Amino acid sequence: MKYIYFLFIVMVLLTSCASELTTSASGNSSAESTETLRNIASQKGIYIGSAVADTPLFSKTEPYSNIFVKEFNMMVAENEMKFEYLQTSSNVFYWFIADRMVNVALANNMQIRGHALLWHNQSGWASSVNNPAALSNILSNHIFTVMRRYSNKIAYWDVVNEAIEVNNSMVNSSNFYDHLRKSFWWTNLGSNYVEYAFQLARAADPTAKLFYNDYGIERYNNNPKAFYAYQLVSNLKAKGLIDGVGFQMHIDTNFKPFENGFELNLKRYSDIGVEIQITEMDVRIPVPANSTLYSLQANTYREVLSIALSNSNFTAIVFWGFTDKYSWIPDFFSGFGDALLFNTSYQKKPSYDAVMEVLKNK
Ligand code: XIL
């Protein structure tokens, strides 16, 4: 009898051990399945996003949209909210695609970056208008119509994209007005066109966060473009017309965030109280690539993000796509590619692990 009692106790102990093992095993696996970039980023209080294109987003045969909504909590349309897509001819707006992209983001609790209201590229029919009064009305109508349609839906807008262009003939001028891009906007509206666009955007949706967005403005020292962009943003900030600066960060592995003063550059923006976002990041490498290049690339992502995360005004990192299957790089940078976090078969790359690791360490 004693023996049977002893056996009974042993069995109870074994069962409870076994059940503890199963609980902790299933506990681990559920922790793994919730370990996505968006979950870790939201624990740290920042947004992590990607540019997406409408066609793969609505494809029924690809894992694109599943991965996108699982890993990211911020969306930007790679092209579909640019002027030429939204206003196809004078005062004729085409909303179908932009609306359905916005709906995907909202249905999945994502923030949206609206990109972009004024740019010198992809402006369609407007870029051949040569009449100041007409172009001024076109800009105003565009900004009001688009921002009002998406007020309460799109929280962040790139109001002006890529307006600084360092012009060698003006190299001695330290005034950013002399380095505004001489686009059709400038030719027609004069050097106040940037400020005018921000005034319109403020009036159109006073609750939206208004951003100036540019590339090649990451370096701190000896970098005229970065300096003029900073001047432009400071000037708008002093007038209460801007909320944030977007660093596109289409970079390669030669960018060394520590040596190139990235931290100091971010600091000068946080010192004047503007929000900082990385808006279009990709790190291109020569293709075909190899494991050395993938780890160099991962390291660039790691360093950039770790510096950004150390600035308390930094609120979002957005990649210009997430799978190497859909990226603008091979078309625009000959010989380069593989710039993103997932490969062409949607497998995670070392760059994904690096981003995850820095997020966790924040
Ligand atoms: C690019 C898109 O990725 C391409 O598909 C398109 O053909 C051209 O524009 N800076 C920007 C983005 O602000 O809008 C650009 O996107 C990349 C550079």
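See the structure above.
Treat the numbers as computed from the prediction; the structure is a model and nothing was measured.

### As for the packing of helix 7 (residues 132-149) against helix 9 (residues 193-204)
The description of two packed helices rests on the angle between their axes and on the distance between the axes.
At step 1: Across the interface, helix 7 lies against helix 9 with an axial gap of 9 Å and an inter-helix angle of 35°. Between helix 7 and helix 9 lies a crossing of right-handed hand. Packed against helix 7, whose contacting residues are Ser136, Leu139, Ser140, Ile143, Phe144, Met147 and Arg148, the element helix 9 presents Tyr196, Ala197, Leu200, Ala201, Ala203 and Ala204 at the interface.
At step 2: Here the residues of the contact of helix 7 with helix 9 sort into ten nonpolar, two polar and one charged.

### So, the environment of Asn213
At step 1: Mapping Asn213 onto the fold places it in strand 7 (residues 209-214).
At step 2: In this structure the C-alpha to C-alpha distance between Asn213 and Phe247, which are 34 residues apart in sequence, comes to 6.1 Å.
At step 3: Among the polar contacts listed, one links the side chain of Asn213 to the side chain of Thr279, at a separation of 2.6 Å.
At step 4: One polar contact links Asn213 to Glu280, side chain to side chain, over a distance of 3.0 Å.

### With respect to the packing of aromatic side chains
At step 1: Per the counting criterion, the structure on display carries 23 aromatic pairs.
At step 2: For the ring pair Tyr64 and Phe322, a centre distance of 4.7 Å and an interplane angle of 45° mean the geometry is tilted. Highlighted residues: Tyr64 in helix 4 (residues 64-71) and Phe322 in the loop between strand 11 (314-319) and helix 13 (329-332), separated in sequence by 258 residues. Phe322 carries the same exposure label as Tyr64, and that label is buried.
At step 3: Ring centres of Phe72 and Phe319 lie 6.4 Å apart, and the angle between their planes is 65°; this geometry places the pair in the edge-to-face category. Residue Phe72 is found in the loop between helix 4 and strand 2 (74-77), and its partner Phe319 is found in strand 11; the two are separated by 247 residues along the sequence. Here the two residues Phe72 and Phe319 agree in accessibility, since each one is buried.
At step 4: Its guanidinium or amino end placed over the ring of Phe211, Arg113 lies 5.1 Å from that ring's centre, counting from NZ or CZ.

### Remarks on helix 10 (residues 224-238)
At step 1: If you check helix 10, its first and last C-alpha atoms are 21 Å apart, about what 15 residues at 1.5 Å a residue would give, namely 21 Å.
At step 2: Among the residues of helix 10, Lys225, Ala226, Tyr228, Ala229, Tyr230, Leu232, Val233, Ser234 and Leu236 are the ones counted as buried.
At step 3: Those residues of helix 10 hidden inside the fold are in contact with helix 9, strand 7, strand 8 (244-247) and helix 11 (262-271).

### Let's talk about the site of the ligand
At step 1: Neighbouring the ligand are 14 residues, the closest being Glu78, Lys82, His115, Asn161 and Glu280.
At step 2: For the ligand, an oxygen atom lies 2.7 Å from a polar atom in the side chain of His115.
At step 3: Within the side chain of Trp320, one N or O atom sits 2.9 Å away from an oxygen atom of the ligand.
At step 4: Taken by itself the ligand offers 410 Å² of open surface, and the protein chains cover 84% of this.
At step 5: Counted by class, the shell around the ligand contains four nonpolar, six polar and four charged residues.

### Remarks on unusual backbone geometry
At step 1: Note that the residue after His115, namely Ala116, is joined by a cis bond; omega there is -5°.
At step 2: Along the chain, Ala116 falls in strand 5 (residues 111-118).
At step 3: Each neighbour pair has its own omega, and for Val287 with Pro288 the value is 0°, a cis peptide bond.
At step 4: Topologically, Pro288 is positioned in the loop between strand 10 (275-286) and helix 12 (291-309).
At step 5: Non-glycine residue Asn109 carries a positive phi angle of around 50°.
At step 6: Under the relative-accessibility criterion, Asn109 is labelled exposed at 65%.
At step 7: Although it is not a glycine, Met249 adopts a positive phi angle of roughly 65°.
At step 8: Owing to a relative accessible area of 0%, Met249 belongs among the buried residues under this scheme.

### Observations concerning the pairing of strand 6 (residues 156-161)
At step 1: Taken across its six residues, strand 6 has six buried, putting it largely inside the fold.
At step 2: With four bridges joining them, strand 5 and strand 6 adopt parallel strand pairing. In the strand pairing of strand 6, Arg113 is matched with Tyr156.
At step 3: Bridge count between strand 6 and strand 7: five bridges; the pairing is parallel. In the sheet register, Tyr156 faces strand 7, and the bridge partner there is Lys209.

### A look at the side chain of Thr323
At step 1: Position of Thr323 relative to the elements: it lies in the loop between strand 11 and helix 13.
At step 2: Filtering out sequence-adjacent residues up to four positions away, Thr323 remains in contact with Tyr64, Leu340, Phe342, Asn343, Thr344 and Tyr346.

### Notes on the packing of helix 9 against helix 10
At step 1: Contact pair helix 9 / helix 10: the axes reach a minimum separation of 11 Å and the direction vectors enclose 45°. Classified by the angle between their axes, helix 9 and helix 10 sit oblique to one another. Judged by the sense of rotation from one axis to the other, the crossing of helix 9 with helix 10 is right-handed. Residues Val194, Glu195 and Phe198 of helix 9 touch helix 10, and the partners they reach there are Leu232, Asn235 and Leu236.
At step 2: Taken together, the residues that form the contact of helix 9 with helix 10 break down as four nonpolar, one polar and one charged.

What counts, and where the lines are drawn
Residues numbered from 1 in each chain as written. Predicted model: local features only at pLDDT ≥ 70, side-chain atom pairs only at ≥ 80, totals over all residues. Heavy atoms only, no water. Axes fitted to C-alpha atoms, helices over the stretch in contact; angles between N-to-C directions. Helix = DSSP H or I, 4+ residues; strand = E, 2+ residues; numbered from the N terminus. Left-handed = near helix turned anticlockwise from the far one by under 90°. Contact = heavy atoms within 4.5 Å. Nonpolar A, V, L, I, M, F, W, Y, C, P; charged D, E, K, R; others polar. Polar contact = N/O pair within 3.5 Å; in protein donor to acceptor, adjacent residues only side chain to side chain. Phe/Tyr/Trp six-rings, centres within 6.5 Å; stacked < 30°, edge-to-face > 60°. Buried < 20%, exposed > 50% of the residue type's maximum accessible area, 1.4 Å probe, protein only. Lys NZ or Arg CZ within 6 Å of the ring centre and 35° of its normal. Expected span 1.5 Å × (residues − 1). Near = heavy atom within 4 Å. Areas by Shrake-Rupley, 256 points an atom, 1.4 Å probe, with all protein chains shown as cover. Pairing = 2+ DSSP bridges. Parallel < 35°, antiparallel > 145°, perpendicular 65-115°, else oblique.

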